[in-house]
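Single-letter residue listing:
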Amino acid sequence: MSVDVVDKGVVESETAEKRAARERMIAGSPPPQFFKLRAEMVEQGRTNQTVADSGNMWVNLKVYAGGGENGLHNHTDQDHFHLVLQGSARFFGPRGETKEVGQYEGVMLPSGSFYRFNATSEEPLVLLRVGCRLPMDADFRRYNIYGEPLPSESKENGQVEVVMKKGEFWGAKA
């Protein structure tokens with residue numbers, strides 16, 4: 001292991017036993033995941049790409065030409081947030097809560113929090129969605145307000161055919 005990787009002061013003063021323990025710890029640790037945010041724009045529909053995933057936490061980049069996630073729903077197995085990177089959206093809660101969210105604004109959604117949203121901008125809505133799984137003995141759960149499953153890709157959730165804007169991208173250069 002390169003001394004550049006760890007604190008030089010620690011390496012110079014460590015015992016052989018400590019060095020062996022450090023090497024075991026580092027060898028057993030997962031590597032960092034680096035990513036760029038880049039998404040092709042859509043004329044119609046929406047896209048969802050996972051850009052990083054640790055198993056407990058994930059980062060998705062979502063693009064909406066219009067509409068949104070129109071079925072009031074919650075996620076019972078995760079806390080998550082949406083951050084607007086481009087465009088704007090109107091978020092709705094089950095008790096009449098309404099909030100217009102613009103660029104670099106977002107919403108935190110604790111497990112069980114019901115919501116839906118619509119894109120409100122002329123340009124495509126680009127969202128960063130970060131989720132963190134909560135300890136549960138079940139798979140991913142997403143329900144409507146009646147306690148019935150509401151798949152993200154369903155017509156009830158506003159899913160339409162995706163039409164790409166060929167060659168038009170948001171985000172980092174390839």
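Residues numbered from 1 in each chain as written. Predicted model: local features only at pLDDT ≥ 70, side-chain atom pairs only at ≥ 80, totals over all residues. Heavy atoms only, no water.

Q: Tell me what's going on with the pattern of salt bridges, and back it up with residues and numbers.
A: For the coordinates displayed, the defined rule picks out four salt bridges. R133 is paired through a salt bridge with D77; the nearest N and O atoms lie 3.0 Å apart. Of the two residues, R133 sits in strand β10 (residues 125-133) while D77 sits in the loop between β4 (68-75) and β5 (78-86), which places them 56 residues apart along the sequence. (Salt bridge = Lys/Arg side-chain N within 4 Å of Asp/Glu carboxyl O. Helix = DSSP H or I, 4+ residues; strand = E, 2+ residues; numbered from the N terminus.)

Q: Please provide a residue-by-residue account of the environment of L128, values included.
A: Structurally, L128 can be placed in strand β10. Placed 80 residues apart in sequence, L128 and N48 show a C-alpha to C-alpha distance of 9.8 Å.

Q: Outline helix α2 (residues 16-27), listing residues and values.
A: Here α2 spans 16 Å end to end across 12 residues, near enough to the 16 Å set by a 1.5 Å rise per residue. Burial analysis of α2 places just one of its 12 residues in the buried class, which makes it a mostly uncovered element. (Expected span 1.5 Å × (residues − 1). Buried < 20%, exposed > 50% of the residue type's maximum accessible area, 1.4 Å probe, protein only.)

Q: Kindly report on the environment of G55, identifying the contributing residues and their values.
A: Residue placement: G55 occurs in the loop between β2 (46-53) and β3 (57-64). For the pair G55 and C132, spaced 77 residues apart in sequence, the C-alpha to C-alpha distance is 8.8 Å.

Q: Give a detailed account of the sheet that holds strand β7 (residues 98-101), specifying residues and quantitative values.
A: Sheet strands pair by backbone hydrogen bonding; their relative direction is either parallel or antiparallel. Spatially, five strands are ordered β7-β6-β9-β4-β11 in an open sheet, and the strand pairing comes out antiparallel. Every interior strand has two partners, whereas the edge strands, β7 and β11 (142-144), have only one. Averaged over all pairs of adjacent strands, the angle between strand axes in this sheet comes to 35°, irrespective of strand direction. (Pairing = 2+ DSSP bridges. Axes fitted to C-alpha atoms, helices over the stretch in contact; angles between N-to-C directions.)

Q: Account for the sheet that holds β5, with residues named and values stated.
A: Spatial strand order, β2-β3-β10-β5-β8: five strands in an open sheet with antiparallel pairing. What marks the edges here is a single partner per strand, and that holds for β2 and β8 (106-109). Between one strand and the next, the sheet's axes are offset by a mean angle of 15°, whatever the strand orientation. Where β2 lies against β3, seven bridges are found, and the strand directions are antiparallel. Of the residues in β3, the one forming a bridge with T47 is V63.

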